[in-house]
Amino acid sequence: MTGKTETRVRVIRSRTLQYRKRYETRLLSCLTVCSLFLLAGIGVLFERLQTPGVAAVTKGYGAVLLQSGAMAYVVIGIAAFVIGVAVTVLCIRLKNKSTNRTYHTEESEEKL
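1. Re the overall build of the protein chain
Item 1. Scanning the protein chain from terminus to terminus reveals four helices and zero strands.
Item 2. Reading the protein chain from its N end, one meets helices and strands in the order α-α-α-α.
Item 3. Out of the 112 residues belonging to the protein chain, those deemed buried represent 2%.

2. A look at the confidence of the model for the protein chain
Item 1. Chain-level statistics for the protein chain give a pLDDT mean of 76 and a share of 66% at 70 or above.
Item 2. Within the protein chain, helix H1 (residues 3–49) carries the highest mean pLDDT (85), whereas helix H2 (residues 52–59) carries the lowest (54).

3. Some thoughts on the state of the cysteines
Item 1. This structure, assessed with the given rule, holds zero disulfides.
Item 2. Not engaged in a disulfide, the cysteine Cys-34 finds its nearest cysteine sulfur in Cys-30; these two sulfurs lie 4.2 Å apart.
Item 3. In this structure Cys-34 comes out as partly exposed when scored by relative accessible area, which is 44%.

4. Details of a nonpolar patch on the surface
Item 1. Together, Ile-78, Phe-81, Val-82, Val-85 and Val-89 make up an exposed nonpolar region whose accessible area comes to about 460 Å².
Item 2. For Ile-78, the location among the structural elements is in helix H4 (residues 71–111).
Item 3. A relative accessible area of 51% means that Ile-78 is categorised as exposed.

The rules behind these values
- Residues numbered from 1 in each chain as written.
- Predicted model: local features only at pLDDT ≥ 70, side-chain atom pairs only at ≥ 80, totals over all residues.
- Heavy atoms only, no water.
- Helix = DSSP H or I, 4+ residues; strand = E, 2+ residues; numbered from the N terminus.
- Buried < 20%, exposed > 50% of the residue type's maximum accessible area, 1.4 Å probe, protein only.
- pLDDT = per-residue confidence, 0-100.
- Disulfide = S-S within 2.5 Å.
- Patch = residues over 30% accessible without salt bridge, like charges linked within 9 Å, V, L, I, M, F, W, Y side chains within 5 Å.
- Areas by Shrake-Rupley, 256 points an atom, 1.4 Å probe, with all protein chains shown as cover.
- Salt bridge = Lys/Arg side-chain N within 4 Å of Asp/Glu carboxyl O.

Below is the structure:
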């Protein structure tokens, strides 16, 4: 390739990388805003559902669950949470690994 072609290819790749980063930033921002709205909506719903009598009952509800033989439900809930966290961390690591591989491939192509 000639000098001009190499320069153009580098510019195109850098712009492509900028556009990808901008797209990922926008997507992440959008998902963050959606999750915040969802969290706020759930908070509003729970606030409307709560009555003065329910607050007194919910304080001792966890102890009642453990005493009445519902230990299996508690263990399953904790296990589901741990599995969910593990799957999330695994997906994030796989995505980062894929992103790093793509980035290193682009760098090696630029050196050529």
